[in-house]
Structure formats: C-alpha cells, structure tokens
Amino acid sequence: MRSRYQCPRSGKTGQLPIKWITAAAIGVLVLVLVVAAAGCTSEAPEVALFYYNGEDPYIHTFVEQIKERAAGRLALTGYDARNSQTLQNEQIDGALADAPDLLIVNPVDRLGAYTIVNRARKEGVPVIFFNREPLSEDLELWSQTYYVGARAEQSARFQARLIIDLFGGDPAKLNAYDTDGDGAIQTIILKGEQGHQDAEIRTAEVLRAFETAQFELDILAIEVSNWDRSEAYNRMEELLEAFGEQVELIISNNDAMALGAISRMRQEGYFADTNGDGAIDAADERWIPVVGIDGLDEAVRQIEDGYLYGTVKNDSLRMAEAIVDLAEALLTGTDPAELTFPPEDGTYIWIDYQPFTLE
Ligand code: GAL
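Below: a short report on this structure. (Residues numbered from 1 in each chain as written. Predicted model: local features only at pLDDT ≥ 70, side-chain atom pairs only at ≥ 80, totals over all residues. Heavy atoms only, no water.)

So, the overall build of the protein
Here is step 1 of the chain: The helix and strand inventory of the protein stands at 11 helices and 12 strands.
Here is step 2 of the chain: Expressed as a percentage of its 359 residues, the buried residues of the protein come to 47%.
Here is step 3 of the chain: Sequence separation of at least 24 residues holds for 72% of the intrachain contacts in the protein that already meet a minimum separation of 6.
Here is step 4 of the chain: Accessible surface computed for the protein: about 17200 Å², of which carbon and sulfur atoms make up 49%. (Helix = DSSP H or I, 4+ residues; strand = E, 2+ residues; numbered from the N terminus. Buried < 20%, exposed > 50% of the residue type's maximum accessible area, 1.4 Å probe, protein only. Contact = heavy atoms within 4.5 Å. Areas by Shrake-Rupley, 256 points an atom, 1.4 Å probe, with all protein chains shown as cover.)

Here it is as structure tokens:
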C-alpha cells in the first residue's frame, strides 16, 4: 500500500537564545511524537467513493450506509456525480491524481465502466463497482475489479409473487381485486431508467413471471420515469386521465416512483378512508395495489399506513457491508474468499432481495 503521509520537517533555528532553542527542540520532539502516534505509520487506507446521484433516495441511504460501515476502517472521500458521467470522469481523474488506495464506483452510465477500469488499471488502483452493473467484458479487462449488487430477476419474481398471492393465487379465479371481473389484471408499469439493468430486467421478468404462472396481465402502459418520484407523479396525471377506473394494479420498478404515483392518486381521490373505519385499506373504494422495490424507509411507512401494498427490499445495508469488507480485505491482503459475502467467480458479490408487505 502506498503512503502519502509526509512527516513534518524541522525548520531553520537562526540566531536564537539557547533557552528558546531548547524549548523549540522539546516542542518539535513532542510534535513529532504526537504525529507518529496519530498515524504517521498507522494511517487508514484512502478510498474514493463515487456515486451517480446523491438525490436518488435509495443511493443516498446506500452511501450513508457505506460511510457508517467504513468509519474507523477506511478514510473515505465521497463524490456525487449529479447524474453526469462527464463530471464523474473528471472526479475520478482528480482523485486518481492523489493516488488513492482503492475506488468504489457507482457509475452514472454503466458503459462508462470501460474507461474507469482502464484508468484505474493504469494506476494500479483496484475498483469495486456497485448498484449499476458494468458489462461483464469491462469487468474482465482487469482482475482487480469487482461488482457488488443484487439479481434483478429475483426482485421481479418476488414482486410478481406478492401480486399473485394478493389476487388469490388462482389464475382461473381472480378475487375481488379484479374489479371488472374480466379475468385479466389491468396494469400500469412504471419503469426506471432505460438501459439500466434493473429497469430492463425487472420489467421483462415481472411480465415473464405472470406468464409462467398463467396470470393474464392487460398492460395499459409502460411509462419510463427514471427512478424518479416527481416524474412518476407527473406521468400519473396523464395515465389516470387516460385509463382512470380501469386501472387495477401498478407495478413500479422502484419505491420512489411508486410513492410519486400514490401522491398523485391521493390527489385524485384514491386511497381515502371512504368507509370511515379510520384506516386506509382495500376495504375502501378506489384502493388499488401499488407495488415497489427497494424498501425505502418511507415506503415501509406507507405500507404500514395502507397506501403502498408492498415492496421488495433491495438490501443496501448488506451490500454496504460487503463493499467495505471487500475493500478492507483487498487492502490488507486478506483472501476475499474468506469474507461473509465472498465474490463468486472472483468478481461478483450478489446480495438477496427480500419481499415485504404487512403480512
Ligand atoms: C436501483 C434502485 C433504484 C435506483 C437505481 C439507481 O437498484 O432500485 O431505486 O436507485 O438502483 O441506480
């Protein structure tokens, strides 16, 4: 591991009285001892953490969890790319100039990983990517690259399972959630960012899961809302105008968009306590199931309050543990295969999703 720490040097003394020189010498000695004890020799490794957008609530929490896990173990510096790959490339170049020991990167554009791996390889600085999965051929460019994430297929299957159970579990006999009783579920899908592995795979796989279970979904619309709460809120206005009472289900690629949809729906009179029993639930008129993914704190609160039906926990706490533990192992020469979450095939650490509803 390289060390960037410069121990202070003593300066010139000039023509000074003896007692001043003695006092100064003692001072310098004390300073040198303090500096040595404070880390001249035991400095925490310097790690630069890059993330695509600190305004994304899932990523915001994820970054906090990485910082908490790293406290006292890694000297972390965070860089928010504010959704610009150009800015992130500049941030990475700037950080590499200071010779960090390791990079942790949530790329803005997963295709941007190619350049990042090549830059890091040139400097000999290992890279752990997370959440936005680089192409496998880019990770294969260098042995010192890793990816920590979750399998998007799994989240879609859990989402489909929550919905299938809610609708009674039998495709030939949907229960009262099929409000028009036509045997098909009229559905709106809110999709994340185009080209993001989670948006593409969650959307395709949730449809496949219903098909496999022989449940008929009648897709009214698939709306891209870029993971974003306010985009989903705005789109929902047009969608409700176009499809209104037909809508029986909203499947969202993440919680933020699900919460945006719910806000708009509440404004339009959905999710009100129409039977006056003091609770918001399926017994009220115009309550329709909305299902997200991530397990944001606010999503959990809205599940408890009866607005959101369910979510699938995208376990950033465990991923943060896996990232920091892997970083430390790489920097101390510990074999990553011995970690709680060891890399598969030497590169990938996969963390399981978990379904979450009130039940
Ligand atoms: C997904 C997450 C989204 C969004 C995205 C950003 O895994 O479900 O809410 O944060 O990552 O890359």
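Now that the structure has been shown, the text picks up again.
Re the site of the ligand
Here is step 1 of the chain: Near the ligand, the surroundings consist of 13 residues, among which Asp56, Asn131, Arg132, Asp198 and Asp294 are the closest.
Here is step 2 of the chain: At 2.8 Å, a side-chain N or O of aspartate 56 approaches an oxygen atom of the ligand.
Here is step 3 of the chain: Asparagine 131 has a polar side-chain atom sitting 2.6 Å from an oxygen atom of the ligand.
Here is step 4 of the chain: Expressed as a share of its isolated accessible area of 310 Å², the protein-covered part of the ligand is 99%.
Here is step 5 of the chain: According to the grid-proximity analysis, the pocket containing the ligand is the largest cavity. (Near = heavy atom within 4 Å. Polar contact = N/O pair within 3.5 Å; in protein donor to acceptor, adjacent residues only side chain to side chain. 1 Å grid on protein atoms, 1.4 Å probe; cavity = no way out; pocket = protein on both sides within 12 Å on 5 of 7 lines; lining within 4 Å. Sits in = over half its atoms within 2 Å of the grid points.)

Here we look at the pattern of salt bridges
Here is step 1 of the chain: For the coordinates displayed, the defined rule picks out 19 salt bridges.
Here is step 2 of the chain: When the shortest N-O distance is used, the salt bridge between arginine 229 and glutamate 298 registers 3.0 Å. Taken as a pair, arginine 229 in helix H8 (residues 229-243) and glutamate 298 in helix H10 (residues 297-304) lie far apart in primary sequence, 69 residues in all.
Here is step 3 of the chain: Take arginine 229: its relative accessible area is 31%, and that puts it in the partly exposed class.
Here is step 4 of the chain: As a salt-bridge pair, arginine 318 and aspartate 315 come within 4.0 Å of each other at their nearest N and O atoms.
Here is step 5 of the chain: What you see here is one network of salt bridges that share partners, running through Arg69, Arg73, Asp325 and Glu328. (Salt bridge = Lys/Arg side-chain N within 4 Å of Asp/Glu carboxyl O.)

Describing the layout of surface pockets
Here is step 1 of the chain: By volume, the largest pocket amounts to about 320 Å³.
Here is step 2 of the chain: For the lining of the largest pocket, the secondary-structure elements that each account for two or more residues are helix H2 (57-70), helix H9 (255-267), H10 and helix H11 (316-332).
Here is step 3 of the chain: Here the lining of the largest pocket gets 4 residues from one element, more than from any other, and that element is H2.
Here is step 4 of the chain: Both of domain 1 (46-150 + 316-353) and domain 2 (152-313) provide at least three residues apiece to the lining of the largest pocket. (Points joined across faces, edges and corners; volume = space filled by probe spheres on them. Domains from an automatic or database assignment.)

Details of helix H3 (residues 85-97)
Here is step 1 of the chain: End to end, H3 covers 18 Å across 13 residues, agreeing with the expected 18 Å (1.5 Å per residue, within 8%).
Here is step 2 of the chain: Buried within H3 we find Gln85, Gln88, Gln91, Ile92, Ala95 and Leu96. Projected onto a plane normal to the axis of H3, the buried residues spread over an arc of 130° and lie on a single side. Of the residues in H3, the exposed ones pointing more than 90 degrees away from the buried face are Thr86, Glu90 and Ala97.
Here is step 3 of the chain: Tucked inside the fold, the buried residues of H3 contact strand S1 (46-51), strand S2 (75-80), strand S3 (102-105) and helix H4 (113-123).
Here is step 4 of the chain: At the C-terminal side of H3, alanine 99 shows a positive phi close to 50°. (Expected span 1.5 Å × (residues − 1). Arc of directions from axis to C-beta.)

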